[in-house]
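Close look at the chain arrangement
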Amino acid sequence: MNPEQALHDLQAAMAGCRRCGLCRNRRHIVFGKGNPQARIMLVGEGPGREEDAQGIPFVGQAGRLLDKIIAAAGLPQEDIYVCNVVKCRPPGNRLPTEEETAACKPFLREQIRIVRPALIVALGALASQTLLNDSGFRISKGRGQWRQGGIFPILPTYHPAALLRDEGKKRPVWEDFLQVATKYNSIISANYKQNEDKGGL
Ligand code: URA
């Protein structure tokens with residue numbers, strides 16, 4: 001099955017989800033956006049107010065900042081897929097609980113399996129802990145260092161909402177996204193070279 005159809009089916013399977021208490025206050029399940037075959041996957045924490053209202057991830061203030069960072073780093077939006085650890089808004093934007101995270105994790109795992117990105121950027125502590133299966137992971141210590149999550153290279157960095165609260169995190173995040181751009185560009189040129197070696201594009 002092609003990835004677009006597989007994501008569509010997964011989203012349909014989530015409709016009306018009642019696996020955790022977040023279903024009680026949500027307006028929309030916020031599934032994901034972007035290219036189903038993207039090489040870059042960005043994983044955030046959970047929808048905020050605007051995301052809940054629109055049903056689309058990262059459309060609020062943090063999302064607008066994220067878009068600026070992506071553009072400044074020269075990463076193409078058309079090669080990006082964005083989603084969150086939990087798909088329903090935690091009331092008041094609190095951190096999702098362990099139970100909520102565990103209830104939603106199979107959907108995230110499936111999204112990753114379908115999209116098969118070449119690299120994943122974990123935005124913030126919760127996304128990093130979830131993707132690395134390491135509840136002891138500390139974002140301030142571990143950000144900016146590539147890790148392996150199964151077959152996927154994962155780069156933990158600060159969540160864009162953290163930058164809005166603390167200007168001091170701008171520089172590290174910028175450096176992290178430059179690392180993402182470097183890795184992405186090397187993946188692109190390796191693919192190009194492979195195609196050339198096969199005698200065509
Ligand atoms: N913060 C997140 O983690 N995800 C969103 O979609 C929006 C804000």
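An account of the accompanying structure is given in this report.

Calculation notes
- Residues numbered from 1 in each chain as written.
- Predicted model: local features only at pLDDT ≥ 70, side-chain atom pairs only at ≥ 80, totals over all residues.
- Heavy atoms only, no water.
- Near = heavy atom within 4 Å.
- Polar contact = N/O pair within 3.5 Å; in protein donor to acceptor, adjacent residues only side chain to side chain.
- Areas by Shrake-Rupley, 256 points an atom, 1.4 Å probe, with all protein chains shown as cover.
- Nonpolar A, V, L, I, M, F, W, Y, C, P; charged D, E, K, R; others polar.
- Helix = DSSP H or I, 4+ residues; strand = E, 2+ residues; numbered from the N terminus.
- Expected span 1.5 Å × (residues − 1).
- Buried < 20%, exposed > 50% of the residue type's maximum accessible area, 1.4 Å probe, protein only.
- Arc of directions from axis to C-beta.
- Contact = heavy atoms within 4.5 Å.
- Lys, Arg positive; Asp, Glu negative; His and termini not counted.
- Salt bridge = Lys/Arg side-chain N within 4 Å of Asp/Glu carboxyl O.

Details of the site of the ligand
- Every residue close to the ligand is listed here: G44, E45, G46, E51, P57, F58, N84 and H159.
- Here E45 contributes a backbone N or O atom positioned 2.7 Å from an oxygen atom of the ligand.
- H159 is positioned such that a nitrogen or oxygen atom in its side chain is 2.7 Å from an oxygen atom of the ligand.
- For the ligand, whose unbound accessible area comes to 240 Å², protein coverage reaches 92%.
- Among the residues forming the shell around the ligand, the class breakdown is 2 nonpolar, 4 polar and 2 charged.

Remarks on helix α3 (residues 61-72)
- When the terminal C-alpha atoms of α3 are compared, their 17 Å separation across 12 residues agrees well with the 16 Å that a helix rising 1.5 Å per residue should span.
- The complete set of buried residues in α3 reads A62, G63, L65, L66, I69 and I70. Relative to the axis of α3, the buried residues are bounded by an arc of 160° and lie together on one face. Facing away from the buried surface of α3 by more than 90 degrees, the exposed residues are Q61, K68, A71 and A72.
- Among the structural elements, β2 (40-44), β3 (80-84), β4 (119-123), α7 (160-165) and α8 (170-197) are those in contact with the buried residues of α3.

Topic: the environment of Y158
- With respect to the secondary-structure elements, Y158 resides in the loop between β6 (152-157) and α7.
- The spatial distance from the C-alpha of Y158 to the C-alpha of D197 is 39 Å, given a sequence separation of 39 residues.
- Those residues in contact with Y158 that lie beyond four places of it in its chain are L123, G124, I139, S140, R143, K169, P172 and V173.

Here's the deal with the side chain of E51
- For E51, the position within the fold is in helix α2 (residues 49-54).
- Buried charged residue E51 carries no salt bridge. Nearest counter-charge: R89, at 6.9 Å.
- Of note is the side chain of E51, whose polar atom sits 3.0 Å from the backbone nitrogen of G48.
- A distance of 3.0 Å separates the side chain of E51 from the backbone nitrogen of V59, its partner in a polar contact.
- Non-local contacts of E51, meaning those with residues more than four positions away in its chain, are made with V30, I56, P57, F58, V59 and G60.

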